[in-house]
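Fold and geometry: a report
Letter by letter, the chains look like this.
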Amino acid sequence: MTVITLEELKKMTLISQDAYSVGDVQDVRYDASTWDVEGLKVRCTKDVSNLIGAGSSKSMILVKPPAFEMHDVILMPDTVEGARSYIRADSDALPSVGNLIGKKVYSHDQQIVGTVDSVNVDLGSWQVHSFVIKLDKTAHELLGVKKGFGFLSKSVSGITVGHVATVSEMISLNLTMDQVKEIVTLD
C-alpha cells in the first residue's frame, strides 16, 4: 500500500518515459460513491499539451495510469503517445480531494470531532484512504486528549473513508464519539 497525502502529491511533477514533463499535480479527482481515485488533476505543460491536443498550455488534464513509480517526481509507465489512452481533459464533474480539506467532521451522535486537516490517498489501490482531523476544542475532553499549548491543536488519524456516512457541507461519520475515541491515534 502506497499512501501519500494530497499535500505531498501536489509537490510532484508527472514525467513520461520519454522524459517529457507532463505537468504538476494540482489535486486528485475521486468518485464520491466509491472513493475510487479517477485520476490526478495535472496542469499540463505546453510541450505535452501540443502533443496530445489538450488545448492551450496550462490546461487541466486528468491522468490515471495503470501504475507508476514515485520518487521526487511521478514516473509514468509510458511515453506521452502511449499515455493518450489514460489522459483526458479534466472537468468539474468529479469532486476533488482538496475540497474535503477544511470540512467539519461530526460523529454519528452529532458531536463535532474537528476539521479535515489532511487527506491520505492510497495510490496502490487508487482510493481515497483516510483523514487527519484537527480536533475541535470541545472534542479534546470527549476524546480524553489533553489540549495543546496556545495555538498548538492536536490532530488525530485513524478515520478512514469506511467511517464516513455522508459528505456535504460537512462530513458525518457512522461512528459515535465513543467509537471515534477507540480508533483514533494522536499525530
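Everything here concerns the structure above.
Structural notes, computed from the coordinates. All of these numbers come straight from a predicted model, not from anything done at the bench.

**Focus: the nonpolar core**
Of all hydrophobic cores here, the largest spans 51 residues; its most connected members are Leu40, Phe131, Leu173 and Val180. Not counting residues within four places of it along the chain, the set of residues in contact with Val180 comprises Val113, Leu143, Ile159, Leu173 and Leu175.

**What about the side chain of Asp27?**
Following the sequence through the fold, Asp27 ends up in strand β3 (residues 21–30). Nearest to the buried, unbridged Asp27 among oppositely charged side chains is Lys41, at 5.5 Å. Here the side chain of Asp27 touches Gly98 through a polar contact of 2.9 Å, landing on its backbone nitrogen. The residues touching Asp27, leaving out its near neighbours within four places in the chain, are Leu6, Lys10, Leu40, Lys41, Ser96, Val97 and Gly98.

**Brief notes about the packing of aromatic side chains**
Following the criterion strictly, the structure yields 3 aromatic pairs and no others. With a centroid separation of 5.3 Å and 5° between ring planes, the pair formed by Tyr30 and Trp35 is classed as stacked. The class for Tyr30 is buried, based on a relative accessible area of 4%. In this structure Trp35 comes out as buried when scored by relative accessible area, which is 10%. Taken together, a centroid distance of 5.7 Å and an interplanar angle of 90° make the contact between Phe68 and Trp126 edge-to-face. Linking Phe68 in the loop between β5 (60–63) and β6 (69–70) with Trp126 in the loop between β10 (112–122) and β11 (127–135), this pair joins segments that are 58 residues apart in sequence.

Cut-offs and rules
- Residues numbered from 1 in each chain as written.
- Predicted model: local features only at pLDDT ≥ 70, side-chain atom pairs only at ≥ 80, totals over all residues.
- Heavy atoms only, no water.
- Core = buried A, V, L, I, M, F, W, Y, C linked by side-chain atoms within 4.5 Å.
- Buried < 20%, exposed > 50% of the residue type's maximum accessible area, 1.4 Å probe, protein only.
- Contact = heavy atoms within 4.5 Å.
- Helix = DSSP H or I, 4+ residues; strand = E, 2+ residues; numbered from the N terminus.
- Lys, Arg positive; Asp, Glu negative; His and termini not counted.
- Salt bridge = Lys/Arg side-chain N within 4 Å of Asp/Glu carboxyl O.
- Polar contact = N/O pair within 3.5 Å; in protein donor to acceptor, adjacent residues only side chain to side chain.
- Phe/Tyr/Trp six-rings, centres within 6.5 Å; stacked < 30°, edge-to-face > 60°.

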